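# Survey of secondary and tertiary structure
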Amino acid sequence: MPVVVLGLNLAFLNQANPFMVSLRKRVHPAGRQNAAQRVSATLEGARTKTTSSELEMALDRSVEKIRKYRLGAKKFAVAYYLLKSEGFGPRKFTIDDLVASPLRSTSWDGVRNFQARNVLLSMQTGDFALFYHSNCKNAGVTGIVEVVKEAYVDETQFDSSNLDAYDSKATPENPRWYAVDVKLQLRLPRPITLEELKQYAVPGGPLEGMLLFTRARLSVQPVRPEHFQFILRQM
DNA sequence: GCCAACGTTGGC
DNA sequence: GCCAACGTTGGC
């Protein structure tokens, strides 16, 4: 199956981060690497001092604290996340739907869990997330998205005609829920399934401690850079 | 479709 | 603030 690249190079090379510029020189001389290899190589070299682990620890803390972590680390770091999307059922939104969306971008609204919301609030433009299909056969990672718009009020919480999204406790003066915009950067050449990832989540394994397994119900979660890189290497 | 895990609500 | 009851997520 061909590797589908959707603006991937630009996404990485446009980072306002001198480290990324030097990566370009390291990644490109080979010239013949396919897109999947380029992603892995770029991430491999990417600075690992990000805030993702701090975010994990901050999960139960306030939004303000999470924001502070991010502000303190911004000049260094791209952070990584995992976003779950229903792969089946009436509310499904798959990688195919994302490909078909205008600009291959979508509003990540409808999050109605406080921890997930707090993680959402910590996202900054230029951060990356694994796009994950849940609730379906062959659950797993199917793509990489980039955050292109930081948290803004999720208007669907005020829509009383939308039974899934409406929150009677939310008002425009005191909104409770937020959304970000993400844009597809890479559709994986093949899905990396939960079944496959699980075997690496054993004690001592490369994915030990990943929130996908320890906090299975969290739909928006930070991912440690080494975990993100490892998963992409499975492509 | 079942059900374990776990988040949320609300009585006390 | 505790915790039982209830609702939801998501793997299987």
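Residues numbered from 1 in each chain as written. Chains lettered and ligands numbered in written order. Predicted model: local features only at pLDDT ≥ 70, side-chain atom pairs only at ≥ 80, totals over all residues. Heavy atoms only, no water.

Looking up chain A in an unreviewed UniProt entry gives the name Thymocyte nuclear protein 1, with the organism given as Cyanidiococcus yangmingshanensis. Taken from UniProt, the Subcellular location (unreviewed entry) comment for chain A reads in full: "Nucleus". (UniProt positions renumbered as here; feature names shortened; annotations may be inferred.)

## Digging into the protein's contact with DNA strand B
All residues in the neighbourhood of DNA strand B are listed as Asn-113, Phe-114, Lys-169 and Arg-217. Across the atoms of DNA strand B situated within 4 Å of the protein, the share located in sugar and phosphate is 56%. Here a sugar or linking oxygen of DNA strand B and a side-chain polar atom of Asn-113 are 3.4 Å apart. Grouping the amino acids of the surface near DNA strand B by side-chain chemistry returns 1 nonpolar, 1 polar and 2 charged. (Near = heavy atom within 4 Å. Polar contact = N/O pair within 3.5 Å; in protein donor to acceptor, adjacent residues only side chain to side chain. Nonpolar A, V, L, I, M, F, W, Y, C, P; charged D, E, K, R; others polar.)

## Digging into the pairing of strand β7 (residues 220–223)
Both faces of β7 are covered, namely the face carrying Val-220 and Pro-222 and the face carrying Gln-221 and Val-223. Two strands pair when backbone bridges link them, and strand β2 (residues 80–86) and β7 are joined in this way by 4 bridges, in the antiparallel orientation. What sits directly across from Leu-82, in β7, is Gln-221. (Buried < 20%, exposed > 50% of the residue type's maximum accessible area, 1.4 Å probe, protein only. Helix = DSSP H or I, 4+ residues; strand = E, 2+ residues; numbered from the N terminus. Pairing = 2+ DSSP bridges.)

## Quick look at the nonpolar core
The biggest cluster of nonpolar side chains holds 21 residues, and the ones touching the most others in it are Val-141, Phe-228 and Ile-231. For this core, the secondary-structure elements that each account for two or more residues are β2, β4 (128–134), β5 (140–153), β6 (178–193) and α10 (225–233). The greatest single-element share of this core, amounting to 4 residues, is contributed by α10. Not counting the four nearest positions on each side in its chain, Val-141 is found in contact with Leu-130, Phe-131, Tyr-132, Leu-188, Arg-190, Pro-191, Ile-192, Leu-197 and Ile-231. The next biggest cluster of nonpolar side chains, apart from the first, holds 20 residues, and it includes Tyr-81, Leu-83, Trp-108 and Val-182. (Core = buried A, V, L, I, M, F, W, Y, C linked by side-chain atoms within 4.5 Å. Contact = heavy atoms within 4.5 Å.)

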